[in-house]
Amino acid sequence: MRVSTGPSQVLILSGILVAGCGDYPKDGTLRMNHVQAKGTHNSYHLEPPTVVHPSHRYSHAPLDVQLEAQGVRQFELDLHRRVDGVFEVFHLPGEIDQRSSCNKLTDCLQVAKRWSDEHPDHVPLIFWLEPKDLELDWADERYQLFVGAYAEIEADILSVWPRDRIITPDSVRKAHPSLPEAIRTDGWPTLEETRGKALFAMLDRDEHRTAYVGDTTALAKKLMFVASSTPSDDYAAMFKIDDAMREAQRVRTLVQAGFIVTSNVDSVERSDADNQAKVDATLAAGSHFSSSDLPAPVDGRAYSLELPGAHPVRCNPVSAPVDCTSADLELPRSDD
């Protein structure tokens, strides 16, 4: 197991002092927005026994397998709140598309956290948490709407992931009045500051985002970032732009300004050629995370998501310094 942490040579992880190997000499200058890596869409998803819609015809490996074998560094988890307050993770209720490799939010986070504990030199992991209660949960007596229950989501996160290993809005904003100003002036934290950590963001641009942001300034004292709509919002830092092929200039402009962007890159419904064309355009535009339904080879398809030159992370062609190399970000595991 590789446990290097850059120039500091030491990482304190869950109370254990871990010596580093000094493999990342640029950790003090490279930042978390200088990377490109794989992500997965509906990262928990397992194909249902009866496929109601062709877009549901795919299965993901467990999160730790995605991390270790597929190089995934960004996840999307759909949340549903049971009447007993437990947050379940699945796509749609009523047996439409409900199978999941990890049934509860805490289950999913524990799988990723165990891997992180064993590989503390990884670049920051991104978790998009999407409230799905406004789709069909209102019609299912097993679930309840959860506007106003965000403290419960934060509590679930903190029950698994220690606060000192979470990149929060305050840790980026610091003394600045807004996140965009902090990003423009100071930039994102360096890899030296963020290896072994995670960032959580709410994937909603409507009722849930409005309620979570509330009357705060720049998400002060909040645990999660939110999906932004415009770069002028005081909380703007993270963007989810589904089609970077169609919105290439917007993505490039946001990435050049320092914002972090995730984009969807493929679908089981699209042809291999169409999927690859979208991947190529997304990587060229500078999206940091390519969110995929097909992050690893599957029988019967020539296409699966691959990031050229990544092992497992590569330098972002739009935002990274010209002297950045993949080896500066994450080295292949010694046990790979």
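Look up: the structure comes first, before these words.
Here's a quick rundown of the structure. These numbers were taken from a predicted model, which means no experiment stands behind them.

Definitions and cut-offs
Residues numbered from 1 in each chain as written. Predicted model: local features only at pLDDT ≥ 70, side-chain atom pairs only at ≥ 80, totals over all residues. Heavy atoms only, no water. Core = buried A, V, L, I, M, F, W, Y, C linked by side-chain atoms within 4.5 Å. Buried < 20%, exposed > 50% of the residue type's maximum accessible area, 1.4 Å probe, protein only. Helix = DSSP H or I, 4+ residues; strand = E, 2+ residues; numbered from the N terminus. Contact = heavy atoms within 4.5 Å. Disulfide = S-S within 2.5 Å. Salt bridge = Lys/Arg side-chain N within 4 Å of Asp/Glu carboxyl O. Pairing = 2+ DSSP bridges. Right-handed = clockwise from strand over helix to strand, strands pointing away.

It is worth spelling out the nonpolar core at this point. Judged by nonpolar contacts, the single largest core of 76 residues is most densely connected at F127, L129, I153, I157, W188 and F200. Of the residues forming this core, the biggest block, six residues, is contributed by helix α2 (residues 105-118). Not counting the four nearest positions on each side in its chain, L129 is found in contact with L77, L79, L105, I153, I157, F200, A201, M202, L203 and M224.

Applying the stated rule across the entire model yields two disulfides. Disulfide pairing is shown between C102 and C108; the S-S distance is 2.1 Å. Across the S-S bond linking C102 and C108, the dihedral sits near 95 degrees, which makes this disulfide right-handed. Here the two residues C102 and C108 agree in accessibility, since each one is buried. In this model C315 forms its disulfide with C324; the gap between the sulfur atoms is 2.0 Å. Taking the torsion about the sulfur-sulfur bond, which here is approximately -80 degrees, the covalent link between C315 and C324 counts as left-handed. Overall, the relative accessible area of 16% leaves C315 in the buried class. Judged by its relative accessible area of 11%, C324 is buried. The connectivity of the disulfides in the protein is 1-2, 3-4, where the numbers refer to bonded cysteines in sequence order.

A full pass over the atoms with the stated rule returns 14 salt bridges. Its salt-bridge partner being K26, residue D328 comes within 3.1 Å of it at the nearest N-O pair. Within this pair, whereas D328 is found in the segment after β13 (314-315), its partner K26 is found in the loop between β2 (16-19) and β3 (35-40), the two being separated by 302 residues in sequence. Residue R73 is joined to E330 by a salt bridge in which the shortest nitrogen-to-oxygen separation is 2.9 Å. One end of the pair, R73, is in strand β4 (residues 72-82); the other, E330, is in the segment after β13, and 257 residues separate them in sequence. Across this residue pair, the class does not change: R73 and E330 are buried. Three or more residues are tied together by salt bridges with common partners; here these are K26, D323 and D328.

Glancing now at the pairing of strand β12 (residues 289-292). Side-chain alternation along β12 places F289 and S291 on one buried face and S290 and S292 on a second face that is also buried. Where β3 lies against β12, four bridges are found, and the strand directions are parallel. Counterpart to K38 in the pairing with β12 is S290. Note: strand β11 (residues 260-264) against β12, three bridges, orientation parallel. The partner of S263 across the bridge, within β12, is S290. Where the polypeptide runs from β11 across helix α9 (residues 272-285) and back to β12, its parallel neighbour, the crossover connection is right-handed.

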